[in-house]
Amino acid sequence: MQEKNPGYIKDIEKYFLKVTGKGLMLSGKDYNLINSWQERSVSKETVFKAIQNSLKEKDLSKLRGIYSIEDNIEDYIKSTKVEVVTHKDSPSNLSKTNSLKPVLKKIDSIINSQVDDNVKSALIKTRYKIDQLKSYKTDNFYSELKRIESDFFDTLYKKLDNKSKQDIRNEAENKLPKEAKHFDKETKEKTVNAFRNEIVKRNFNLNNIFELK
């Protein structure tokens, strides 16, 4: 069965192709951009609005891909930075301890009810890392949380048996567009891994556990 929400990368891809209405396919350069936004914890909604705003005065016939409006999108993301920083859930208004409470609470609940030892073990180690963020001196608070999340799903994937890993790997590769054959090795692997982690998240029913709300 096809998942209802394929994840960050696929959702942005679908949105871009829909609003351009040109049947464009994304390139490796586009996937790198989307990956960078995900790693910076830019919400999908912000990217959607940025794309919509960037296309207002563009000639769609000359559009090659998302990278064609990269500067416009980045300008929009920067323009929303003040709004994000003053958001009620931002560490600038709430202590990091309070910001992380929802995440830690969800993780604790899953640990207590989890019957899979691999998931429980990985979550316990991840919980410790997240708890350490309370005293982490960095302006990249959200990026660091995103890195911990990615590491968690990487770890969970590696703990699977070989058949399960291969099945997930195959499904992730099947999500790549035909143009992926032109991607360089690093771009392709990074994109496959992002899809792979979305599949692991779905298979273990671990969606949204790292969200700060």
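Parameters at a glance
- All residue numbers refer to position in the chain's written sequence, counted from 1.
- Thresholds applied to this predicted model are a pLDDT of at least 70 for local features of residues and 80 or more for the giving and counting of side-chain atom pairs; totals over whole chains, interfaces and linings are not thresholded and use all residues.
- Only hydrogens and water are set aside when side-chain values are computed; all heavy atoms of the structure are taken into account.
- Take the buried residues of types Ala, Val, Leu, Ile, Met, Phe, Trp, Tyr and Cys, join any two whose side-chain atoms come within 4.5 Å, and each joined set is a nonpolar core.
- For every residue, the accessible area (1.4 Å probe, protein chains only) is compared with the maximum for its type, and the residue is labelled buried under 20%, exposed over 50%, or partly exposed between those bounds.
- By definition, any uninterrupted DSSP run of H or I lasting at least four residues is a helix, any uninterrupted run of E lasting at least two residues is a strand, and each is numbered from the N terminus.
- The contact definition used throughout considers only heavy atoms, calling two residues in contact when any of these lie within 4.5 Å.
- The predictor attaches a confidence to each residue, and that confidence, scored 0 to 100, is pLDDT.
- Here, a salt bridge means any side-chain nitrogen of Lys or Arg that lies within 4 Å of a carboxyl oxygen of Asp or Glu.
- Here a pair means two rings of Phe, Tyr or Trp (six-membered ring of Trp) with centres within 6.5 Å. Their orientation is stacked below 30 degrees between planes, edge-to-face above 60, and tilted elsewhere.
- Put simply, a charge is over a ring when the Lys NZ or the Arg CZ is close to the ring centre, within 6 Å, and near the line of the ring normal, within 35 degrees.
- A fitted line through C-alpha atoms serves as each axis, taken over the contacting stretch for helices, and the angle formed by two N-to-C directions is quoted from 0 to 180°.
- Angle categories: roughly parallel below 35 degrees, roughly antiparallel above 145, roughly perpendicular from 65 to 115, and oblique for all the rest.
- Crossings are sorted by hand: turned counterclockwise from the far helix by less than a right angle, the near helix makes the crossing left-handed, and turned clockwise it makes it right-handed.
- Under the grouping applied here, Gly and all other residues not named as nonpolar or charged are polar, the nonpolar ones being Ala, Val, Leu, Ile, Met, Phe, Trp, Tyr, Cys and Pro and the charged ones Asp, Glu, Lys and Arg.

## Concerning the nonpolar core
Core analysis: the biggest nonpolar cluster contains 54 residues, and Trp 37, Ile 66 and Ile 130 have the highest contact counts within it. In terms of residue count, helix H8 (residues 141–158) provides more of this core than any other element does, seven residues in total. Beyond its immediate stretch of four places on either side in the chain, Trp 37 contacts Tyr 8, Val 42, Val 47, Ile 66, Ile 73, Glu 74 and Ile 77.

## Let's talk about the confidence of the model for the chain
When the pLDDT values of the chain are averaged, the result is 81; 85% of them are 70 or greater. Across the chain, helix H9 (residues 162–174) holds the top mean pLDDT of 94, while helix H5 (residues 81–85) sits lowest at 45. Overall, residues 82–94 carries pLDDT values under 50, and its contacts beyond four positions in sequence, including any with other chains, amount to 21 contacts.

## Concerning the pattern of salt bridges
Tallied over the full model, the rule gives 14 salt bridges. Lys 44 is the partner of Asp 11 in a salt bridge, and the nearest nitrogen-oxygen pair spans 2.6 Å. Placement of the pair is Asp 11 in helix H1 (residues 8–20) and Lys 44 in helix H3 (residues 44–54), with a sequence separation of 33 residues. Taken as a pair, Asp 11 and Lys 44 share a single burial class, namely buried. Here the salt bridges share partners, and the residues they tie into one network are Lys 146, Glu 149, Glu 198 and Lys 201.

## Topic: the packing of aromatic side chains
Scanning the entire structure with this criterion turns up five aromatic pairs. With 6.4 Å between their ring centres and 80° between their planes, Tyr 31 and Phe 195 make a pair best called edge-to-face. Residue Tyr 31 is located in helix H2 (residues 28–39), and its partner Phe 195 is located in helix H10 (residues 185–203); the two are separated by 164 residues in the primary sequence. For Tyr 31, a relative accessible area of 0% puts it in the buried group. A ring pair is formed by Phe 152 and Phe 153, whose centres lie 4.9 Å apart and whose planes are at 70°; its orientation type is edge-to-face. For the pair shown, Phe 152 and Phe 153 are each scored as buried. An aromatic cluster is defined as three or more aromatic residues linked by ring pairs; in this entry it consists of Phe 152, Phe 153 and Phe 210. Sitting over the face of the ring of Tyr 157, Arg 196 holds its NZ or CZ atom 4.2 Å from the ring centroid.

## Section: the packing of H1 against H2
Interhelical geometry of H1 versus H2 gives an angle of 125° and a closest axis separation of 10 Å. It follows that H1 is oblique to H2 by the angle criterion. The element H1 and its partner H2 pack so that their crossing is right-handed. Contacts between H1 and H2 pair Tyr 8, Ile 9, Ile 12 and Glu 13 from the former with Tyr 31, Ile 34, Asn 35, Trp 37 and Gln 38 from the latter. In the contact of H1 with H2, the residues fall into six nonpolar, two polar and one charged.

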